[in-house]
Amino acid sequence: MKFAISTVLISLAGLVASNPVPRQSCPQASRFGLIGVSPTTVNPGDDITVTVDLNCAIKTFGIIPKYLDYTIEVPAAVNNGHEPPIVLARRDFAAGATSDVFTTKVPFGNYFAGAAYQVYLRNSYPVQGTDGSSEVLIQGGISASVTINV
């Protein structure tokens, strides 16, 4: 009888252990976050909302931001040399947060019709220095397309 009870308990334990736990799917491209902008077509002076999901960056890749820098830029490969980055915001990242959302105005900068503008997020996060005790900030980034009417 003892054998039958222990067999049942082991079987139940195996069943519980084999119950699949949903895993978060985090592609490598999400290591610095997932960014969205709304609306995606704007005029200078319009409100623009930027939303960043940092769940994968933090929980899967261990990248915990210290600062989040947001700019409007034309990628280097298509920049005519006269389109410097325009700063939207620099934000401190709140301890325990897994996202960042804010609304701001599109600055009245010098924009060029038809340019391939992107809202860039540069995620500045600490890693351990080579001396084993100091902190070094490094950056990774992601972007989302935005059309700016001129």
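Each remark here, short or long, concerns the structure printed above.
Let me sum up the structure you'll find in this document. (Residues numbered from 1 in each chain as written. Predicted model: local features only at pLDDT ≥ 70, side-chain atom pairs only at ≥ 80, totals over all residues. Heavy atoms only, no water.)

On to the packing of aromatic side chains. Here a ring pair, both rings aromatic, is described through the centre-centre distance and the interplanar angle of the planes. Under the defined criterion, the tally for this structure stands at three aromatic pairs. With a centroid separation of 6.1 Å and 35° between ring planes, the pair formed by Phe32 and Tyr125 is classed as tilted. With a gap of 93 residues between them, Phe32 in the loop between helix H1 (2-18) and strand S1 (34-38) and Tyr125 in strand S7 (residues 118-128) connect regions that are remote in the sequence. Taken individually, Phe32 and Tyr125 each receive the classification buried, so the pair is uniform in this respect. Aromatic pair Tyr111 and Tyr117: ring centres 5.5 Å apart, planes at 85°, arrangement edge-to-face. Here Tyr111 and Tyr117 have matching classes, each one buried. Seen from the ring of Tyr67, Arg90 lies directly overhead, with NZ or CZ sitting 4.3 Å from the centre. (Phe/Tyr/Trp six-rings, centres within 6.5 Å; stacked < 30°, edge-to-face > 60°. Helix = DSSP H or I, 4+ residues; strand = E, 2+ residues; numbered from the N terminus. Buried < 20%, exposed > 50% of the residue type's maximum accessible area, 1.4 Å probe, protein only. Lys NZ or Arg CZ within 6 Å of the ring centre and 35° of its normal.)

Looking now at the sheet that holds S7. What the four strands build is an open sheet, ordered S5-S4-S7-S8; its pairing is antiparallel. The open sheet has two edge strands with one neighbour each: strand S5 (86-92) and strand S8 (135-145). This sheet shows a mean twist of 20° between the axes of neighbouring strands, independent of strand direction. As judged from the six bridges shared by strand S4 (residues 67-73) and S5, these two strands associate in the antiparallel manner. Each bridged residue has a counterpart across the sheet, and for Asp69 the counterpart in S5 is Arg90. (Pairing = 2+ DSSP bridges. Axes fitted to C-alpha atoms, helices over the stretch in contact; angles between N-to-C directions.)

Turning next to the side chain of Ser124. Looking at where Ser124 falls in the secondary structure, it is placed in strand S7. Accessibility expressed as a relative area gives 4% for Ser124, which makes it buried. A polar side-chain atom of Ser124 sits 3.1 Å from a polar atom in the side chain of Gln139. Ignoring any residue separated from it by four or fewer positions in sequence, one finds Ser124 in contact with Pro65, Lys66, Tyr67, Asp69, Leu137, Ile138 and Gln139. (Polar contact = N/O pair within 3.5 Å; in protein donor to acceptor, adjacent residues only side chain to side chain. Contact = heavy atoms within 4.5 Å.)

Let's shift gears to the pairing of strand S3 (residues 47-53). Going residue by residue along S3, you find Ile48, Val50 and Val52 tucked away on one face and Asp47, Thr49, Thr51 and Asp53 left uncovered on the opposite face. Looking at chain direction, S1 and S3 are connected through five bridges and run antiparallel. From the neighbouring strand, Gly36 faces S3, where its bridge partner is Thr51. Across seven bridges, S3 lies against strand S6 (residues 99-105) in antiparallel orientation. Bridge pairing in S6 places Val52 opposite Asp100.

Turning our eyes to something else, we now look at the pattern of salt bridges. This model, assessed by the stated rule, comprises five salt bridges. Of the charged contacts in the structure, one is a salt bridge between Arg90 and Asp69, with a shortest N-O distance of 2.6 Å. Here Asp69 lies in strand S4 and Arg90 lies in strand S5, a separation of 21 residues in the sequence. Exposure remark for Asp69: the relative accessible area of 14% places this residue in the buried category. (Salt bridge = Lys/Arg side-chain N within 4 Å of Asp/Glu carboxyl O.)

Quick look at unusual backbone geometry now. Following Ser38, the chain continues to Pro39 via a peptide bond in cis, the omega torsion being -5°. With respect to the helices and strands, the residue Pro39 is situated in the loop between S1 and strand S2 (41-42).

In this structure, Ile35, Val50, Tyr70, Ile72, Tyr117, Val119 and Val146 are the most contacted members of the largest nonpolar core, which totals 31 residues. Elements supplying a minimum of two residues to this core: S1, S3, helix H2 (55-59), S4, S5, S7 and S8. Residues within four places of Ile35 in sequence aside, it is in contact with Val50, Thr51, Val52, Val119, Leu121, Ile142, Ser143 and Ala144. (Core = buried A, V, L, I, M, F, W, Y, C linked by side-chain atoms within 4.5 Å.)

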